[in-house]
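Letter by letter, the chains look like this.
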Amino acid sequence: MSGGPGDDGDGPDDRSPEVLPDRTAALVERAQADRDAAADRFEAARSIAERLGADPIRGEGADPATDPPEGVAFGFWTPDLVDAGVPADDVRLELFTPLSGDGNDDGKGSVDPGRDDLREAAFRVDRLPVERDGEFHWVAVEGIPVGTRDRLGALYQLAYRRPDGDGEWETVRDPLAYSLPFGAFAPAEAYDWPRLDATRPDRDHFASLGTDGEALPTTADDGLPRVDTATSMLEVHPGTSTGRGSLAALAERFEAIGEKLRAGDPLAPHERNYAGYDAVQLMPVEPLTQAYGRQWYWRPGGVGGETPDDAMERERDAERVTVGAERPDQTNWGYDVVVSGLGAANPAILETGRPDELVDFIAACHAMPDPIRVVFDVALGHADAGAAELLPDPFFEGPGMYGLHLNYRQPVVRAILLELHRRKANFGADGIRIDGAQDFTYHDEETGEQVHDDAFLAEMDRVVHEVAGTEFRPWMIYEDGRPWPREDWELASTYRTLIDQHPHAFQWSPVTFAHNRPALLTFWATKWWRMREVGETGSQWITGVANHDTLRRGSQVEVTDDWDGAPINPYLADSPPETIREAYDSPAALVWFHVAMPGVPMDFLHANYRAPWGFVRDTDPTWNVKVVAEEAPWIDWHVPEVSYDDHDAFARLKALGFETRAELKEFVTTLAALVDATDYDLDLTAELLSVQGTPLSSEARDDDQRAGDSDPAAEGITAVDLKEFSFAWSADVAEYLVLDRWEDDQGEARTAFDRRVREFRQARPWLRADVEPERGEAFGYRHPTEGTVVYQALRRDPEGDETLLVACNVEGTPVELSPTGVLDDLNVDDSADWSVAIAAPDTSAAPGDDAATITLETADAVVWRAGPSDD
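Just so you know, these numbers come straight off a predicted model, no measurement behind them.

Visitor: Can you tell me about the confidence of the model for the protein chain, naming the residues and giving the values?
Guide: Considering every residue of the protein chain, the mean pLDDT works out to 91; 92% of them sit at 70 or more. Here residues 102-109 is modelled with pLDDT under 50, and outside its nearest four sequence neighbours on either side it reaches 16 contacts, counting other chains as well. Note on residues 705-710: pLDDT under 50 across the span, and 14 contacts to partners over four residues away in sequence or across chains.

Visitor: Please give an account of the sheet that holds strand β31 (residues 803-812) that cites residues and values.
Guide: Strand order across the open sheet formed by five strands is β29-β30-β31-β35-β33, with antiparallel pairing between neighbours. Strands at the two margins of the open sheet, each flanked by one partner only, are β29 (778-781) and β33 (835-839). Averaged over all adjacent pairs, the angle separating strand axes in this sheet is 15 degrees, with direction ignored. Taken together, the four bridges between β29 and strand β30 (residues 788-796) define a ladder with antiparallel strand orientation. By the bridge assignment, F779 is partnered in β30 with A793. Contacts from helix α18 (residues 587-596) reach β29, β30, β31, β33 and β35 (861-866) within the one sheet, and its direction differs from that of β31 by about 150 degrees. With respect to the sheet, helix α27 (residues 748-762) is in contact with β31, β33 and β35, its orientation differing from that of β33 by roughly 120 degrees.

Visitor: An account of the packing of helix α2 (residues 41-49) against helix α10 (residues 411-425) is needed here, citing residue identities and associated values.
Guide: Helix-helix packing is described using two parameters, namely the angle between the two axes and the distance between the axes. α10 packs onto α2 with a crossing angle of 35 degrees between their chain directions and a minimal axis gap of 8 Å. As for the relative orientation of α2 and α10, their crossing is right-handed in sense. Here R41, F42, A45, R46 and A49 of α2 lie close against α10, whose contacting residues are P411, V412, R414, A415, I416, L418, E419 and R423. Taken together, the residues of the contact of α2 with α10 sort by class into eight nonpolar, no polar and five charged.

Visitor: So what's going on with the nonpolar core? Residues and values would help.
Guide: In terms of nonpolar packing, the biggest core is built from 173 residues, with F74, L282, F361 and F725 touching the most fellow members. Of all the elements, helix α26 (residues 719-737) adds the most residues to this core, at nine residues. When sequence neighbours within four positions are dropped, the list of residues in contact with F725 reads V628, L653, L656, F658, L664, F667, V668, L671 and L696. Counting 41 residues, the second largest nonpolar core, distinct from the first, contains W524, L590, A793 and A861.

Visitor: Which residues make up the pairing of strand β7 (residues 136-142), and what values do they have?
Guide: In terms of residue burial, β7 counts as a mostly covered element, since six of its seven residues are buried. Strand direction decides the pairing type here: strand β1 (residues 18-19) and β7, joined by two bridges, are antiparallel. Bridging across to β7, E18 finds its partner in E142. What sits between the antiparallel neighbours strand β6 (residues 131-133) and β7 is a turn of two residues, in which G134 has the positive phi angle 65 degrees.

Visitor: Help me get a handle on the packing of α18 against α27, residues and values and all.
Guide: At a minimum axis distance of 9 Å, the contact between α18 and α27 shows a crossing angle of 15 degrees. By the angle between their axes, α18 is roughly parallel relative to α27. The two elements α18 and α27 cross, and the hand of that crossing is right-handed. Contacts from P587, L590, V591, F593, H594 and V595 in α18 reach R750, F753, D754, V757, R758, F760 and R761 in α27. Looking at the contact of α18 with α27 residue by residue, the classes come out as eight nonpolar, one polar and four charged.

Visitor: Before we move on, can you summarise the packing of aromatic side chains with the specific residues and values?
Guide: Counting across every chain of the model gives 43 aromatic pairs. Centre to centre, the rings of F185 and W296 are 6.0 Å apart; their planes meet at 70 degrees, and the pair counts as edge-to-face. Note that F185 is positioned in the loop between β9 (169-172) and β10 (188-189) and W296 in the loop between β14 (279-282) and β15 (298-300), a separation of 111 residues in sequence. When its relative accessible area of 6% is taken as the criterion, F185 is described as buried. When the ring of W475 is compared with that of F506, the centres are 5.6 Å apart and the planes differ by 85 degrees; the resulting orientation is edge-to-face. Note that W475 is positioned in strand β25 (residues 475-478) and F506 in strand β26 (residues 506-508), a separation of 31 residues in sequence. Residue F506 is classed as buried on the basis of its relative accessible area, which comes to 3%. Ring-pair connections join several aromatic residues into one group, and the members of that group are W634, Y644, F650, F658, F667, F725, W729, Y736 and W742. Over the face of the ring belonging to F615 we find R552, whose NZ or CZ atom lies 4.2 Å from the ring centre. The ring of F760 is capped by R764, whose NZ or CZ atom sits 3.6 Å from the centre of that ring.

Visitor: An account of the pattern of salt bridges is requested, with residue identities and associated values reported.
Guide: Under the defined criterion, the tally for this structure stands at 59 salt bridges. Between R610 and E582 there is a salt bridge; the shortest N-O distance is 2.6 Å. Linking R610 in the loop between α19 (605-608) and α20 (624-630) with E582 in helix α17 (residues 576-584), this pair joins segments that are 28 residues apart in sequence. Classification of R610 as partly exposed rests on a relative accessible area of 23%. When salt bridges that share partners are traced, they join D221, D222, R226, D461 and R462 into one network.

Visitor: Go over a negative patch on the surface, please, and point to the residues and values.
Guide: On the surface, D676, D679, D681, D683 and E687 cluster together into a patch of negative charge. Among the structural elements, D676 can be located in helix α24 (residues 661-677). Overall, D676 belongs to the exposed group, its relative accessible area being 65%.

Visitor: Which residues make up helix α11 (residues 454-462), and what values do they have?
Guide: Buried residues of α11: D454, F456, L457, M460 and D461, and no others. Buried residues in α11, looked at end-on, bunch into an arc of 155 degrees, giving them a common side. On its buried face, α11 is in contact with β12 (224-227), α10, β20 (431-434), β22 (450-452), β25 and α13 (497-501).

Visitor: Account for the environment of G469, with residues named and values stated.
Guide: Structurally, G469 can be placed in the loop between β23 (465-467) and β24 (470-472). Among the residues examined, G469 registers a relative accessible area of 56% and is labelled exposed. The sequence separation of G469 and T447 amounts to 22 residues, and the corresponding C-alpha distance is 46 Å.

Visitor: Just give me the short version of unusual backbone geometry, but keep the residues and values in it.
Guide: Following R482, the chain continues into P483 via a peptide bond in cis, with omega recorded as 15 degrees. You can see P483 is positioned in the loop between β25 and α12 (489-492). Look at the link from H783 to P784: it is a cis peptide, with omega at -15 degrees. Structurally, the position occupied by P784 is in the loop between β29 and β30. The phi dihedral of E786 is positive, around 50 degrees, even though this residue is not glycine.

Visitor: Go over the side chain of R433, please, and point to the residues and values.
Guide: Examined against the element boundaries, R433 turns out to sit in strand β20. Reaching out from R433, the side chain makes a polar contact with the side chain of D435 at a distance of 3.1 Å. Here the side chain of R433 touches E479 through a polar contact of 2.9 Å, side chain to side chain.

Visitor: Summarise the sheet that holds strand β27 (residues 541-543); cite the residues concerned and give the values.
Guide: Pairing between the strands of a sheet is mediated by backbone hydrogen bonds and can be parallel or antiparallel. As summarised here, the arrangement of the eight strands in space is β13-β14-β17-β20-β25-β26-β27-β28, forming a closed barrel in which the pairing is parallel. Across the sheet, the mean angle separating the axes of adjacent strands is 30 degrees when strand polarity is ignored.

Visitor: Which residues make up the pairing of β33, and what values go with them?
Guide: With four of five residues buried, β33 lies mostly within the body of the structure. Both β33 and β35 contribute to a ladder of four bridges, which runs antiparallel. Pairing of S835 across the sheet is with R865, part of β35.

Visitor: Any chance you could break down the environment of G481 for me, citing the residues and the numbers?
Guide: Here G481 is to be found in the loop between β25 and α12. For the pair formed by G481 and F376, sequence separation is 105 residues and the distance between their alpha carbons is 19 Å. With sequence-adjacent residues up to four places away left out, G481 is seen in contact with Q438, W489, S493, Y495 and F513.

Cut-offs used in this document
Residues numbered from 1 in each chain as written. Predicted model: local features only at pLDDT ≥ 70, side-chain atom pairs only at ≥ 80, totals over all residues. Heavy atoms only, no water. pLDDT = per-residue confidence, 0-100. Contact = heavy atoms within 4.5 Å. Pairing = 2+ DSSP bridges. Helix = DSSP H or I, 4+ residues; strand = E, 2+ residues; numbered from the N terminus. Axes fitted to C-alpha atoms, helices over the stretch in contact; angles between N-to-C directions. Left-handed = near helix turned anticlockwise from the far one by under 90°. Nonpolar A, V, L, I, M, F, W, Y, C, P; charged D, E, K, R; others polar. Core = buried A, V, L, I, M, F, W, Y, C linked by side-chain atoms within 4.5 Å. Buried < 20%, exposed > 50% of the residue type's maximum accessible area, 1.4 Å probe, protein only. Parallel < 35°, antiparallel > 145°, perpendicular 65-115°, else oblique. Phe/Tyr/Trp six-rings, centres within 6.5 Å; stacked < 30°, edge-to-face > 60°. Lys NZ or Arg CZ within 6 Å of the ring centre and 35° of its normal. Salt bridge = Lys/Arg side-chain N within 4 Å of Asp/Glu carboxyl O. Patch = residues over 30% accessible without salt bridge, like charges linked within 9 Å, V, L, I, M, F, W, Y side chains within 5 Å. Areas by Shrake-Rupley, 256 points an atom, 1.4 Å probe, with all protein chains shown as cover. Lys, Arg positive; Asp, Glu negative; His and termini not counted. Charge placed at Lys NZ, Arg CZ, Asp CG, Glu CD. Arc of directions from axis to C-beta. Polar contact = N/O pair within 3.5 Å; in protein donor to acceptor, adjacent residues only side chain to side chain.

Take a look at the structure:
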């Protein structure tokens, strides 16, 4: 860090930010007016929360698309500062303005937030006084750059001197930031959100909602359009869907597919995996927690800085600092959120570092020949332990299953959480999935029990979203397995609680929740009671067995050496990798959920690719070793010998000494046993592994790999080594999961079949309705099974004369079937003239064939139809 003003060219230039006194006073007065007018503290906080964060100031009549802002209004909720007795005069707004190489503001900003290499950048730092208003601090400022698509804006946070007399400074991050280019643990960016909203390329999409020419169908909901349900949906993990791991790359993929569809050009096999859906659900795109000591993407003092604030002396009101900065590089599913900054996009999947990238992806989906809804997966049911560094203490009720339990009953916290939800949806989401809705609970002091806060979930449902000037409500989906985690939850859960409360809402079905493992023998037979619920009452369920959770859980089943004796379906394939791919993407399962069953079938992109999938994260140095140990069976399921031997696969693990798959498998299996036996005592686990001897304790570990050891000369391994192993595992596995790696493995016949089935569903939205015996519909499975579980269904178009007859060999030996036999099993008398509409690639039938007896192997399916010709 260099000196202050007057230090021979190192000081900031003359264009310093200045407080706008009148605007600041107006911010305070408006907050006071909100409190005076409100019926209670929560109502007041709902109004005030909309103005927290950093909002550009424009004059009346200004056009945000063309007119630059006059300044920025900042607001913070700071109850901890007030409770600690911090004097108002000791609180400052700290601004970091990016400088060009010569120390002057170049008008565009010289720091590229999209660069993923750690480099040094110069910032001018200004510290301005703020106004205290009860638990809030406000200030309006002019003379600072505001972020746009093309430039980095000023970064900001509050800084205050601790009142304990030691003179130390602390910081307050902004939980309601619109942009966090260097992660949730770095200062936020003052971003021109109104400009982004006014210039987004899909403005017409939103303007059409609720009109005769609407891009998506809607239903009136208390005077506003609510986006209607999709017909089918694709779940996507942005970080591993492309080699670049970004939303920009994913947008380009959809744009390329859209151009081919418009031109009538054929899709490549891998492109077909995206086709046939009218909704895409993104796994969470929120900013993540960070691994302490490993993942600092903002380092005052330069590249060598170790913590976000270790070089900030703060002895001057203005100075120049050198900061080591880079775009976050993280491996994560997306659920390890810190809640702070949830309204922003995760910078780790923004290759430009700009929030516009998420909007551009949404616009690409809306621009498809048939517009695709974009569904956000919102994780507000918990907070990672790292959130304690970023949020005021009132945010937390106490420890929780996934870190910290949020205090939903605290009025201001409740209001801010709802505001975060609103801001995130205002990126342009057509739908919202609420992750783990059963986890939104509060402690009842009278009963001592945790009570579901369904009132809060109702508030989330009623939030009005506004995009490009259009107010609307999104399609709402809840994942709710209550009474999970009660011991009897699998029997007791109804998956209907929130549908009953909100008739327009959807929930994940019982066959979609995490515990479903279709690779196990008798899965389809023993789950029939749940499948029956889907058929009878599943019209508002998200269905299907392939998603991020089920595929991960299926990969945690241990595979015994005696393959024939394992409780794994031996009919699917000859090896575990082939088996799990077929289990989660079988023709039988696809046809059953897309043709026979009601609801909205959801597929998982990795399953469509028949690619490996697993649980990866590099954000938790405390528990990461345990996470990896729990994944020990994953090697059997997803890594055949030939894949491990690829020269570019698992490079980090090989560098640690694991030259063969067998060595890695033996080590991880032993690690899992010791983690369990020692109750996760890493020091003891490392000692026991050292005695046994492993590749990790061989000469393959060089001095750099031992650098963190308490005893670098030790011949054995330490807990630090185990942590390094876990991070190497996470990085290598994440690269192994990238779908571009598996692009050339996509089969012509199989991808064409899968696409045909999905488009068959798209052409028949009436299939979403429950199976209605009153209309002559039926479903069931063949009795007796005699070694084969055959699911069967008869569906009738309520507005036409098309009838569909479905048969799926979901598990067991080959079976011969005909329309007559299936109808007999269903106790239906129908003498229609049947022909084949859909047949699995490995069968002898083809679409258009006359009905005849057909042999279905395990996982094969056939659909016969009767009625008008099918184009």
